[in-house]
Amino acid sequence: VVLASAAFATALFGRWWKLIGAVTHPLKITAIRRENDHTVSITLGGKAARRIEAEAGQFVVVRLLREGQWWKANPYSLSAAPDGTSLRITVKDRGDASNALITAKVGDRVAVEGPFGVQTKDIFDGRRPLLIAGGVGVTPVCSILATLPERSAPIVLLRAHSNDDLPLLAEITAHTERLGGKVRTVIGPTASLKQRSPFSADALRGAVGRLDECVA
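Just so it is clear, the model here is predicted, and its values are computed rather than measured.

Caption draft 1: How the structure looks around the overall build of the protein chain. Scanning the protein chain for helices and strands turns up five helices and ten strands. Across the 216 residues of the protein chain, 42% fall into the buried class. When contacts within the protein chain are restricted to residue pairs at least 6 apart in sequence, those whose partners lie at least 24 apart make up 71%. Total accessible area on the protein chain stands at roughly 11900 Å², and carbon and sulfur atoms take up 55% of it.

Caption draft 2: Representation of the pairing of strand 8 (residues 155–160) within the structure. With six of its six residues buried, strand 8 lies for the most part within the structure. Covered by surrounding structure in strand 8 are Ile155, Leu157 and Arg159 together with Val156, Leu158 and Ala160, the residues of both alternating faces. By the bridge criterion, five bridges tie strand 7 (residues 128–134) to strand 8 in an arrangement that is parallel. Note that in strand 8 the partner of leucine 131 across the bridge is valine 156. Crossover connection from strand 7 via helix 3 (residues 139–145) to parallel strand 8: handedness right-handed. Where strand 8 and strand 9 (residues 182–187) come together, six bridges link them in parallel fashion.

Caption draft 3: View of the nonpolar core. Formed by 23 residues in total, the largest nonpolar core has its most connected members in Leu27, Ile42, Val62, Ile89, Leu101, Val110 and Val112. Mapped by element, the contributors of at least two residues to this core are strand 1 (27–36), strand 2 (39–45), strand 3 (59–64), strand 5 (87–92), helix 2 (96–102) and strand 6 (109–116). Residues contacting valine 62, with those up to four places away along its chain left out, are Lys72, Ala73, Asn74, Tyr76, Ile89, Leu101, Val110, Ala111 and Val112. Counting 16 residues, the second-largest nonpolar core is a separate cluster that includes Val141, Ala160, Leu166 and Leu179.

Caption draft 4: Quick look at the pattern of salt bridges. The full count for this structure, using the stated rule, is six salt bridges. Salt-bridge contacts for arginine 66 lead to aspartate 108; the nearest nitrogen and oxygen are separated by 2.9 Å. One end of the pair, arginine 66, is in the loop between strand 3 and strand 4 (74–77); the other, aspartate 108, is in the loop between helix 2 and strand 6, with 42 residues separating them in the sequence. Arginine 66 sits in the partly exposed class, given a relative accessible area of 31%. The partner of glutamate 171 in a salt bridge is arginine 88, and the shortest N-O contact between them spans 3.0 Å. In this pair, glutamate 171 is assigned in helix 4 (residues 169–178) and arginine 88 in strand 5, connecting sequence segments 83 residues apart. What makes glutamate 171 partly exposed here is its relative accessible area of 21%.

Caption draft 5: Quick look at helix 4. Those residues of helix 4 not exposed but buried are Ile172, His175 and Thr176. One side of helix 4 holds all its buried residues, which, seen down the axis, span an arc of 95°. Opposite the packed face of helix 4, turned more than 90 degrees from it, sit the exposed residues Ala170 and Glu177.

Caption draft 6: A look at the sheet that holds strand 5. Sheet architecture is open: six strands sit in the order 4-3-6-1-2-5, paired in antiparallel fashion. In the strand order of this sheet, the two ends are held by strand 4 and strand 5, each with one partner. Each strand of the sheet is rotated relative to its neighbour by a mean of 40°, with strand direction disregarded. One ladder, built from six bridges, connects strand 2 with strand 5; its direction is antiparallel. Within the sheet, the bridge partner assigned to threonine 43 lies in strand 5 and is arginine 88.

Conventions used here
Residues numbered from 1 in each chain as written. Predicted model: local features only at pLDDT ≥ 70, side-chain atom pairs only at ≥ 80, totals over all residues. Heavy atoms only, no water. Helix = DSSP H or I, 4+ residues; strand = E, 2+ residues; numbered from the N terminus. Buried < 20%, exposed > 50% of the residue type's maximum accessible area, 1.4 Å probe, protein only. Contact = heavy atoms within 4.5 Å. Areas by Shrake-Rupley, 256 points an atom, 1.4 Å probe, with all protein chains shown as cover. Pairing = 2+ DSSP bridges. Right-handed = clockwise from strand over helix to strand, strands pointing away. Core = buried A, V, L, I, M, F, W, Y, C linked by side-chain atoms within 4.5 Å. Salt bridge = Lys/Arg side-chain N within 4 Å of Asp/Glu carboxyl O. Arc of directions from axis to C-beta. Axes fitted to C-alpha atoms, helices over the stretch in contact; angles between N-to-C directions.

Interpretation note: all reported values are geometric properties and have no functional meaning in isolation.
Here's what the structure looks like:
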């Protein structure tokens, strides 16, 4: 019981210590780019950004340090490869916390915890990358593509209700073509699709071919 209590106390203290560090060493919004009517890409910079050793494919937890908002935290995947001085996230308006970021201004301060996650380019281990995502979930795909080696020939499969629901599509396409890969999109309401499960095993074999040669 004593050991369990000590472990719990250590984990709790570590969690609050990281949060305190994020709040006392905030990042600043340095740029905002609107992707569509309900999605924006936000670049975070400042001295504190250099302390965050993040990799493409990871995510961070963000709090807008504004009155009435600082206690709301949401996780966001990095939507661009970190450059050591800044991080970029892409945010879709889905509620109070994300809405606050959607309406944030350049110069606003944010607390950033992380990075978290292990889905980086290392998971491919030299095999052909297969990246599957839908809607705003394409954000980590964009960052990972920017870090893949030349001639890796990734296959990117994207699903959305409409083209407007695929932010960063132009960036994703440019990265993929540079690497000698292919982007395939499945657009439209599920009821209108020829295949109700566009990413089923059979559908993937038709789109990709040899699945055993890929790592998803």
